[in-house]
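Report on the structure
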Amino acid sequence: MSDDDSPEAVAEQSAQQAGGLDEIIPEPLLPVWNQVEKVQAFRRTHGSKYVGALELLTALALTGGYVWWLLIYLELL
């Protein structure tokens, strides 16, 4: 058995030859699918930084809201 016939080599070759969903998406939906692909490409490229920034913004907004309601509850405002 040569290295080209190993299950790993066959699986890797199949994965490289496999197409995306754009092969089965109907023509009228291709513009929508292209937008989804752009979002996925952005997530692959900037995913961790983008998620980290969103988590930081969410934490700041929640903290601000909790402090606001605490001040209202304590009748300081």
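Residues numbered from 1 in each chain as written. Predicted model: local features only at pLDDT ≥ 70, side-chain atom pairs only at ≥ 80, totals over all residues. Heavy atoms only, no water.

A word on the UniProt feature "transmembrane region" (unreviewed entry) in the protein chain
Per the UniProt record, "transmembrane region" (unreviewed entry) is annotated on residues 50-74. What you have in residues 50-74 is 96% helix and 0% strand, and the ends, taken at the C-alpha atoms, are 36 Å apart. (UniProt positions renumbered as here; feature names shortened; annotations may be inferred. Helix = DSSP H or I, 4+ residues; strand = E, 2+ residues; numbered from the N terminus.)

As for the packing of aromatic side chains
Per the stated rule, a full pass over the model turns up one aromatic pair. Their ring planes at 85° and their centres at 5.3 Å tell us that Phe 42 and Tyr 50 sit as a pair that is edge-to-face. Overall, the relative accessible area of 43% leaves Tyr 50 in the partly exposed class. (Phe/Tyr/Trp six-rings, centres within 6.5 Å; stacked < 30°, edge-to-face > 60°. Buried < 20%, exposed > 50% of the residue type's maximum accessible area, 1.4 Å probe, protein only.)

Description of a nonpolar patch on the surface
On the surface, Phe 42, Tyr 50, Val 51, Leu 54, Leu 56, Leu 57 and Leu 60 cluster together into a nonpolar patch covering about 680 Å² of accessible area. Relative to the helices and strands, Leu 54 resides in helix H2 (residues 30-73). (Patch = residues over 30% accessible without salt bridge, like charges linked within 9 Å, V, L, I, M, F, W, Y side chains within 5 Å. Areas by Shrake-Rupley, 256 points an atom, 1.4 Å probe, with all protein chains shown as cover. Salt bridge = Lys/Arg side-chain N within 4 Å of Asp/Glu carboxyl O.)

Focus on unusual backbone geometry
With a phi angle near 60°, Glu 75 is a residue other than glycine that sits in the positive phi range. Here Glu 75 shows up in the segment after H2.

Structural notes on H2
Over its 44 residues, H2 runs only 52 Å from end to end, short of the ideal 64 Å by more than 12%, given 1.5 Å per residue. The sharpest bend along H2 reaches about 85° and sits at His 46. (Expected span 1.5 Å × (residues − 1). Bend = angle between axes of the 7 residues up to and from the residue.)

Description of the environment of Thr 45
Topologically, Thr 45 is positioned in helix H2. Exposure remark for Thr 45: the relative accessible area of 54% places this residue in the exposed category. Looking at Thr 45, its side chain comes within polar contact range of the main-chain oxygen of Ala 41, at 2.9 Å. (Polar contact = N/O pair within 3.5 Å; in protein donor to acceptor, adjacent residues only side chain to side chain.)

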